[in-house]
Amino acid sequence: MAVPVAFFALFFAYPVTAIVGRGLKAEGDWQFGRIGEVLSRPDILDVLWFTTWQALASTALTLLIALPGAYVFARFDFPGKQVLRAVVTVPFVLPTVVVGTAFLALLGRGGLLDELWGVRLDTTVWAILLAHVFFNYAVVVRTVGGLWSQLDPRQEEAARVLGAGRFAAFRRVTLPALAPAVAAAALMVFLFTFTSFGVVQILGGPAYSTLEVEIYRQTAQLLDLPTAAVLTLVQFAAVGGILAVHAATVRRRERALKLVDPAQTSRRPRGAGQWALLGGVLLTALLLILLPLGVLVERSFDGPGGYGFGYYEALQSVGAGGSSTFLAPPLEAVGNSLRYALVATLIALVIGGLAAAALTRRAGRLVRGFDALLMLPLGVSAVTVGFGFLITLDKPPLDLRTSWILVPLAQALVGVPFVVRTMLPVLRAVDDRLREAAAVLGASPLRAWREVDLPLVRRAVLVAAGFAFAVSLGEFGATVFIARPDNPTLPVAVARLLGRSGELNYGQAMALSTILMLVCAVSLLLLERIRTDRSGEF
């Protein structure tokens with residue numbers, strides 16, 4: 001636990017505490033009375049209520065739509081499965097401003113629904129909920145599906161032989177085994193929607209505001225740092241309470257499971273019902289995932305003179321069309337993002353892997369509290385973290401403001417919780433007797449982990465690496481404050497282009513977003529191929 005604790009203390013707790021302290025101090029004295037003043041305001045209470053219920057609704061809707069997809073990817077073998085698995089993960093890395101714009105084109109004035117049926121959903125809560133499902137579909141599919149594919153189906157078949165119906169066998173055998181993974185996925189979805197920023201800001205309009213949107217408004221627009229600090233504390237406390245309840249609930253349901261080679265559980269669909277389920281999942285992916293992505297691709301080629309590569313060609317030069325948005329060609333952001341994401345993934349795997357290994361031991365309240373703390377970066381405002389980096393990591397020996405490593409460190413903070421939540425259910429499902437047998441035969445704890453745990457969790461490690469890489473590619477909230485102007489990441493470059501008026505800047509933003517989608521899809525497809533090639537080694 002030492003390395004993860006030191007990492008989070010230095011790069012998370014210290015910056016967040018510093019920025020909140022500045023907001024609650026006036027002339028050297030703490031002003032705790034501001035907390036009551038802020039929380040008694042009707043507009044702030046409305047923000048708190050909307051933030052909570054839209055996160056609950058988004059989580060429930062995501063689970064309802066994505067759990068059938070998790071089953072299909074875990075149990076069915078069909079042509080194009082690897083490609084589709086990579087495609088459904090692409091939305092998770094897109095900048096929120098891009099996704100908001102895409103859904104605005106679909107649901108807003110002059111959008112697809114408006115043209116076909118005269119219906120507009122922008123500035124409504126339904127647009128926000130659908131965009132949240134679009135973002136988080138892959139979280140449920142990959143987190144739950146990863147464990148589901150390794151559950152021995154013969155246990156459920158045995159229950160059916162003993163007289164249980166299909167639903168009863170699933171409810172009493174499979175669902176309890178999946179409960180930790182489902183809870184982990186639900187927790188991640190809830191935290192992401194609870195702290196939603198770009199989607200709510202673009203699709204919700206002035207009528208809807210989450211805590212994250214309000215923190216940004218109070219900080220960047222109203223320059224009211226005390227109010228922003230109070231809201232950050234509220235967000236922090238709410239997320240901490242949720243994580244504590246989650247840890248206590250899930251621990252009661254965890255047990256050792258018999259894990260098998262995923263190749264043994266995957267087969268072609270049989271019967272009309274299974275083919276109908278596969279068709280429904282494919283249709284959902286088409287309408288929910290591919291349609292918004294298709295809008296982005298179409299707009300990237302739709303130039304003033306017709307369809308062509310004009311916007312892509314403009315990405316190769318600095319200040320195209322008289323713009324001074326960049327100090328380097330926007331296309332260089334592709335290389336920057338890949339380098340940052342690779343380093344951030346490595347950091348997240350090391351920190352998250354050590355944390356997951358420590359949490360597997362179930363050693364007392366200290367470890368259980370550490371489990372909850374690891375998830376806090378997903379529930380704390382990225383605006384707060386970004387500003388905290390700037391005001392704390394500015395003096396020797398930690399003067400990192402001009403160092404390239406600052407960006408991967410910020411990205412790794414968000415990647416570590418995904419590594420932990422992906423690896424932990426599988427690690428805890430490993431039978432302790434296997435480790436004990438290795439120890440009796442003379443293996444050291446390190447060798448026992450390498451020979452027993454690692455072969456069983458290799459799949460989870462690769463899934464965790466994919467999530468960490470995807471999150472790093474799309475991280476925007478903190479990176480926008482610390483990325484150097486001459487080395488922007490893809491999301492930062494897209495946001496800068498969207499922030500400037502003009503058709504050329506907007507077209508370049510769509511082109512750069514399309515490149516981001518392709519980079520993510522290719523990376524995840526390669527990861528899927530590596531995982532599949534090695535699956536027979538379990």
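These numbers were taken from a predicted model, which means no experiment stands behind them.

Thresholds, definitions, all that
All residue numbers refer to positions counted from 1 along the written sequence of the respective chain. The model is predicted, so local features are restricted to residues of pLDDT at least 70 and side-chain atom pairs to those at 80 or more, both for listing and for counting; the totals for chains, interfaces and linings are taken over all residues. The basis for the side-chain values is all heavy atoms of the structure; hydrogens and waters are excluded. The secondary structure listing takes helices from DSSP runs of H or I that are at least 4 residues long and strands from runs of E that are at least 2 residues long, numbered from the N terminus. Exposure is judged per residue with a 1.4 Å probe applied to protein chains only, and the accessible area is read against the type maximum: over 50% gives exposed, under 20% gives buried, and values in between give partly exposed. The contact criterion used throughout is that any non-hydrogen atoms of two residues lie within 4.5 Å. Fitting a line to C-alpha atoms yields each axis, with helices limited to the stretch in contact; the angle taken between N-to-C directions then spans 0 to 180 degrees. Throughout this description, any angle smaller than 35 degrees is read as roughly parallel, any larger than 145 degrees as roughly antiparallel, any in the 65 to 115 degree range as roughly perpendicular, and the remainder as oblique. In this scheme, a crossing is called left-handed if the near helix is turned counterclockwise away from the far one by less than a right angle; it is called right-handed if the turn is clockwise. Residues are grouped as follows: Ala, Val, Leu, Ile, Met, Phe, Trp, Tyr, Cys and Pro are nonpolar; Asp, Glu, Lys and Arg are charged; every other residue, Gly included, is polar. For salt bridges, the criterion is a side-chain nitrogen of Lys or Arg within 4 Å of an Asp or Glu carboxyl oxygen. Pairing of aromatic side chains requires ring centres within 6.5 Å, counting the rings of Phe and Tyr and the six-membered ring of Trp. Pairs whose planes differ by under 30 degrees are stacked, by over 60 edge-to-face, and all others tilted. Residues grouped as a nonpolar core are buried Ala, Val, Leu, Ile, Met, Phe, Trp, Tyr and Cys residues, joined through side-chain atoms within 4.5 Å. Positive residues here are Lys and Arg, negative ones are Asp and Glu, while His and the chain termini are left out of the count. Multiply 1.5 Å by the residue count of a helix minus one, and that product is the helix's expected span. Two axes define the bend at a residue: one fitted to the seven residues ending there, one fitted to the seven starting there, and the bend is the angle between them. Here a patch means residues that are over 30% exposed by relative accessible area and free of salt bridges, tied together within 9 Å if like-charged and within 5 Å if nonpolar (Val, Leu, Ile, Met, Phe, Trp, Tyr). With residues, only the protein chains shown are counted as cover, and all accessible areas are computed by Shrake-Rupley using a 1.4 Å probe. For the purpose of locating charges, the reference atoms are NZ of Lys, CZ of Arg, CG of Asp and CD of Glu. Side-chain atoms alone can form a polar contact between residues adjacent in sequence; in general such a contact is a pair of N or O atoms within 3.5 Å, and within protein one must be able to donate a hydrogen while the other accepts it. Summary of the metric used: pLDDT quantifies the predictor's per-residue confidence within the range 0 to 100.

Visitor: Lay out the overall build of the protein with the relevant residues and their values.
Guide: Looking only at helices and strands, the protein features 24 helices and six strands. Buried positions account for 54% of the 538 residues belonging to the protein. Sequence separation of 24 or more characterises 80% of the internal contacts of the protein that already satisfy a separation of 6 or more.

Visitor: Please provide a residue-by-residue account of the packing of helix H11 (residues 211–221) against helix H18 (residues 382–392), values included.
Guide: Closest axis-to-axis distance for the H11/H18 pair is 9 Å, and the angle between their directions is 40 degrees. Viewed along their axes, H11 and H18 adopt a mutual orientation that is oblique. Judged by residue contacts, Glu212, Ile215, Tyr216 and Thr219 of H11 engage Ala382, Val383, Thr384 and Phe387 from H18.

Visitor: I'd like a rundown of the packing of helix H16 (residues 332–359) against helix H21 (residues 445–474), residues and numbers included.
Guide: For the pair H16 and H21, the least separation of the axes is 9 Å and the interaxial angle reads 140 degrees. Here H21 runs oblique to H16, going by the angle between their axes. Crossing hand, H16 versus H21: right-handed. Contact residues: Ser337, Leu338, Ala341, Leu342, Ala344, Thr345, Ala348, Leu349 and Ala357 in H16; Trp449, Val461, Ala464, Ala465, Ala468, Phe469, Ser472 and Leu473 in H21. Residue classes in the contact of H16 with H21 are distributed as 14 nonpolar, three polar and no charged.

Visitor: Help me get a handle on the pattern of salt bridges, residues and values and all.
Guide: Applying the stated criterion across every chain yields a total of three salt bridges. Across the pair Asp43 and Arg41 runs a salt bridge whose closest N-O atoms are separated by 3.1 Å.

Visitor: Can you explain the packing of aromatic side chains? Please cite residues and give values.
Guide: Applying the stated criterion to the full structure yields 15 aromatic pairs. Taken together, a centroid distance of 5.9 Å and an interplanar angle of 85 degrees make the contact between Phe50 and Trp53 edge-to-face. Taken together, the residues span about one helical turn, with Phe50 and Trp53 both in helix H3 (residues 42–75) at a distance of three residues. Here Trp53 falls in the partly exposed class, since its relative accessible area comes to 30%. Through pairs of rings, three or more aromatic residues link up here, namely Phe7, Phe8, Phe11 and Phe12.

Visitor: Now, about the nonpolar core: what can you tell me, with residues and values included?
Guide: Counting 153 residues, the largest nonpolar core has Phe7 and Phe389 as its most contacted members. With residues up to four places along the chain from it excluded, the contact list for Phe7 reads Phe12, Ile347, Ile351, Leu409, Ala412 and Leu413. Of all hydrophobic cores here, the second largest spans five residues; its members include Val430, Ala438, Ala443 and Val452.

Visitor: Lay out the side chain of Lys81 with the relevant residues and their values.
Guide: Within the secondary structure layout, Lys81 lies in helix H4 (residues 81–89). We note that Lys81 is buried and unpaired, the nearest opposite charge coming from Asp77 at a distance of 5.2 Å. Residues within four places of Lys81 in sequence aside, it is in contact with Phe73, Phe76 and Ser266.

Visitor: How would you explain the environment of Phe170 if you had to name every residue and give the values?
Guide: If you trace the backbone, Phe170 turns up in helix H9 (residues 166–194). Between the C-alpha atom of Phe170 and that of Ala159, which follows or precedes it by eleven residues, the distance is 9.0 Å. In contact with Phe170, not counting residues within four places along its chain, are Trp148, Glu156, Leu175 and Pro176.

Visitor: Break down H9 for me, citing the residues and quoting the values.
Guide: Over its 29 residues, H9 extends only 35 Å from the first C-alpha to the last, a length that falls short of the 42 Å expected when each residue adds 1.5 Å. If you look at H9, its biggest bend is around 55 degrees, right at Leu175, and the proline Pro176 turns up within four residues after that.

Visitor: Before we move on, could you go through a positive patch on the surface and cite the residues and values that matter?
Guide: On the surface, Arg160, Arg166, Arg267 and Arg270 cluster together into a patch of positive charge. Along the chain, Arg166 falls in helix H9.

Visitor: Can you lay out the side chain of Glu212 for me, pointing to particular residues and giving the numbers?
Guide: Within the secondary structure, Glu212 sits in helix H11. No salt bridge is formed by the buried Glu212; its nearest oppositely charged neighbour, Arg217, is found at 13 Å. Leaving out residues up to four positions away in the same chain, Glu212 has contacts with Thr195, Ser196, Phe197, Gln235, Ser381, Ala382 and Val383.

Visitor: Give a description of the environment of Asn336 that names residues and reports values.
Guide: Position of Asn336 relative to the elements: it lies in helix H16. On the basis of relative accessibility, which here comes to 3%, the residue Asn336 falls in the buried class. Sequence separation between Asn336 and Leu473 is 137 residues, and the spatial gap between their C-alpha atoms is 9.8 Å. If near-sequence neighbours (up to four positions away) are discounted, Asn336 is found in contact with Asn487 and Pro488. A polar side-chain atom of Asn336 sits 2.6 Å from a polar atom in the side chain of Arg339. Within the structure, Asn336 has its side chain in polar contact with the backbone oxygen of Pro488 (distance 3.1 Å).

Visitor: Hey, could you go over a nonpolar patch on the surface for me, with residue numbers and the actual values?
Guide: Together, Leu112, Leu116, Trp117, Val119, Leu283, Leu286, Leu287, Leu290 and Leu291 make up a nonpolar patch on the protein surface, roughly 840 Å² of accessible area in all. Elements that contribute at least two residues to the nonpolar patch include exactly helix H6 (112–117) and helix H14 (271–301). Per-element tally for the nonpolar patch: the top contributor is H14, with five residues. On the secondary structure map, Leu291 appears in helix H14.

Visitor: Tell me about the environment of Ala333, residues and numbers included.
Guide: Position of Ala333 relative to the elements: it lies in helix H16. Along the sequence, Ala333 and Leu315 sit 18 residues apart, while their C-alpha atoms lie 9.9 Å from each other.

Visitor: Pulling in residues and values, what's your account of H3?
Guide: Taking 1.5 Å of rise per residue, the 34 residues of H3 would be expected to cover 50 Å, and the 50 Å separating its terminal C-alpha atoms lies within 8% of that figure. By the largest-angle criterion, Ala66 marks the main kink of H3, which is about 35 degrees, and a proline, Pro68, follows within four residues.

Visitor: Outline the confidence of the model for the protein, listing residues and values.
Guide: Across the protein, the average pLDDT comes to 79, with 88% of residues at or above 70. Of the regions scoring below 50 in pLDDT, residues 534–538 engages in nine contacts with residues more than four places distant in sequence or in other chains.

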